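Per-entry structural report
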Amino acid sequence: MKTMTCKQLGGACDKEFHANTFEEIAEISKKHAMEMYQAGDQAHLKAMGVMQELMKSPELMSNWFENKRKEFEGLTDND
Ligand SMILES: [Zn+2]
(Lines give C-alpha, C1' and ligand atoms only; values in the text may rest on other atoms or scores of the structure.)
Protein backbone atom coordinates (compact mmCIF):
# COMPACT_ATOMS: atom_id res chain seq x y z
CA MET A 1 0.00 0.00 0.00
CA LYS A 2 1.08 3.54 -0.67
CA THR A 3 0.22 6.64 1.28
CA MET A 4 -0.71 10.15 0.14
CA THR A 5 -2.25 12.95 2.14
CA CYS A 6 -5.36 14.94 1.41
CA LYS A 7 -3.14 17.97 0.70
CA GLN A 8 -0.98 16.04 -1.78
CA LEU A 9 -4.14 15.15 -3.66
CA GLY A 10 -5.37 18.71 -3.97
CA GLY A 11 -7.21 18.78 -0.65
CA ALA A 12 -6.74 20.81 2.47
CA CYS A 13 -5.71 18.64 5.44
CA ASP A 14 -3.05 16.14 6.47
CA LYS A 15 -5.33 13.13 6.55
CA GLU A 16 -3.55 10.11 5.08
CA PHE A 17 -5.07 7.82 2.48
CA HIS A 18 -3.74 4.34 1.74
CA ALA A 19 -4.23 2.41 -1.48
CA ASN A 20 -2.54 0.07 -3.93
CA THR A 21 -3.47 1.94 -7.08
CA PHE A 22 -3.75 5.59 -7.99
CA GLU A 23 -7.37 5.12 -9.10
CA GLU A 24 -8.16 3.73 -5.66
CA ILE A 25 -6.51 6.58 -3.76
CA ALA A 26 -8.16 9.16 -6.03
CA GLU A 27 -11.53 7.58 -5.22
CA ILE A 28 -10.88 7.60 -1.45
CA SER A 29 -9.75 11.22 -1.51
CA LYS A 30 -12.82 12.17 -3.54
CA LYS A 31 -15.09 10.57 -0.93
CA HIS A 32 -13.26 12.38 1.84
CA ALA A 33 -13.58 15.68 -0.04
CA MET A 34 -17.33 15.12 -0.45
CA GLU A 35 -17.70 14.43 3.27
CA MET A 36 -15.82 17.59 4.16
CA TYR A 37 -17.84 19.50 1.56
CA GLN A 38 -21.10 18.30 3.13
CA ALA A 39 -19.75 19.23 6.57
CA GLY A 40 -19.15 22.73 5.19
CA ASP A 41 -15.43 22.71 5.96
CA GLN A 42 -14.09 26.04 4.64
CA ALA A 43 -10.54 24.88 3.87
CA HIS A 44 -11.84 21.97 1.79
CA LEU A 45 -14.44 24.14 0.06
CA LYS A 46 -11.64 26.44 -1.01
CA ALA A 47 -9.45 23.55 -2.20
CA MET A 48 -12.37 22.12 -4.17
CA GLY A 49 -12.93 25.51 -5.78
CA VAL A 50 -9.34 25.47 -7.01
CA MET A 51 -9.83 21.96 -8.42
CA GLN A 52 -13.03 23.04 -10.14
CA GLU A 53 -11.16 25.87 -11.85
CA LEU A 54 -8.61 23.32 -13.01
CA MET A 55 -11.36 21.05 -14.35
CA LYS A 56 -12.50 23.81 -16.70
CA SER A 57 -9.47 22.97 -18.77
CA PRO A 58 -9.34 19.27 -19.68
CA GLU A 59 -5.68 19.67 -20.59
CA LEU A 60 -4.67 21.21 -17.26
CA MET A 61 -6.75 18.66 -15.44
CA SER A 62 -5.18 15.69 -17.19
CA ASN A 63 -1.71 17.17 -16.62
CA TRP A 64 -2.49 17.50 -12.93
CA PHE A 65 -3.82 13.96 -12.82
CA GLU A 66 -0.78 12.51 -14.59
CA ASN A 67 1.61 14.37 -12.31
CA LYS A 68 -0.17 13.02 -9.26
CA ARG A 69 -0.15 9.54 -10.74
CA LYS A 70 3.62 9.78 -11.23
CA GLU A 71 4.01 11.05 -7.70
CA PHE A 72 2.00 8.07 -6.46
CA GLU A 73 3.95 5.58 -8.62
CA GLY A 74 7.20 7.00 -7.27
CA LEU A 75 6.26 6.37 -3.65
CA THR A 76 7.71 3.47 -1.72
CA ASP A 77 5.36 0.68 -0.79
CA ASN A 78 4.87 0.60 2.94
CA ASP A 79 2.27 -2.15 3.13
ZN1 LIG B 1 -8.88 16.65 3.89
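In this text the structure is predicted, and so the values were computed from the model without any measurement. (Residues numbered from 1 in each chain as written. Predicted model: local features only at pLDDT ≥ 70, side-chain atom pairs only at ≥ 80, totals over all residues. Heavy atoms only, no water.)

1. So, the coordination of the zinc ion
Protein-derived coordination of the zinc ion comes from C6 (SG), C13 (SG), H32 (NE2) and H44 (NE2), at a distance range of 2.0 to 2.3 Å. Here the zinc ion binds four donor atoms, and the angle range of 105 to 113 degrees at the metal identifies the geometry as tetrahedral. If you list the donors of the zinc ion from N- to C-terminus, the spacing comes out as C-x6-C-x18-H-x11-H. Overall, C6 belongs to the buried group, its relative accessible area being 4%. (Donors = N, O, S within 2.8 Å, 3.2 Å for Na, K, Ca; no water. Tetrahedral: all angles 85-135°; square planar, octahedral: opposite > 155°, others 65-115°. Buried < 20%, exposed > 50% of the residue type's maximum accessible area, 1.4 Å probe, protein only.)

2. Quick look at the side chain of H32
Relative to the elements of secondary structure, H32 occurs in helix α1 (residues 22-38). Under the relative-accessibility criterion, H32 is labelled buried at 7%. Dropping the residues within four chain positions of it, H32 is found in contact with C6, C13, K15, F17 and H44. (Helix = DSSP H or I, 4+ residues; strand = E, 2+ residues; numbered from the N terminus. Contact = heavy atoms within 4.5 Å.)

3. Remarks on the nonpolar core
Ranked by size, the top nonpolar core spans eight residues in total: M4, C6, L9, F17, A19, F22, I25 and F72. Elements with a minimum of two residues in this core: β2 (16-19) and α1. Sequence-distant contacts of L9, that is, excluding residues within four places in its chain, are made with M4, F17, F22, I25, S29 and W64. (Core = buried A, V, L, I, M, F, W, Y, C linked by side-chain atoms within 4.5 Å.)

4. Observations concerning the packing of α1 against helix α3 (residues 58-73)
Contact geometry for α1 and α3: axes closest at 10 Å, N-to-C directions at 115 degrees. By the angle between their axes, α1 is roughly perpendicular relative to α3. Between α1 and α3 lies a crossing whose hand is right-handed. Between α1 and α3, the contacting residues are F22, E23, I25 and A26 on the first element and F65, K68, R69 and F72 on the second. For the contact of α1 with α3, the residue count by class is five nonpolar, no polar and three charged. (Axes fitted to C-alpha atoms, helices over the stretch in contact; angles between N-to-C directions. Parallel < 35°, antiparallel > 145°, perpendicular 65-115°, else oblique. Left-handed = near helix turned anticlockwise from the far one by under 90°. Nonpolar A, V, L, I, M, F, W, Y, C, P; charged D, E, K, R; others polar.)

5. Here we look at the packing of aromatic side chains
According to the stated counting rule, one finds two aromatic pairs in the structure shown. Counting every residue linked through ring pairs, the aromatic cluster contains F22, F65 and F72. Here K2 stacks its cationic end above the ring of F72, 5.3 Å away from the centre of that ring. (Phe/Tyr/Trp six-rings, centres within 6.5 Å; stacked < 30°, edge-to-face > 60°. Lys NZ or Arg CZ within 6 Å of the ring centre and 35° of its normal.)

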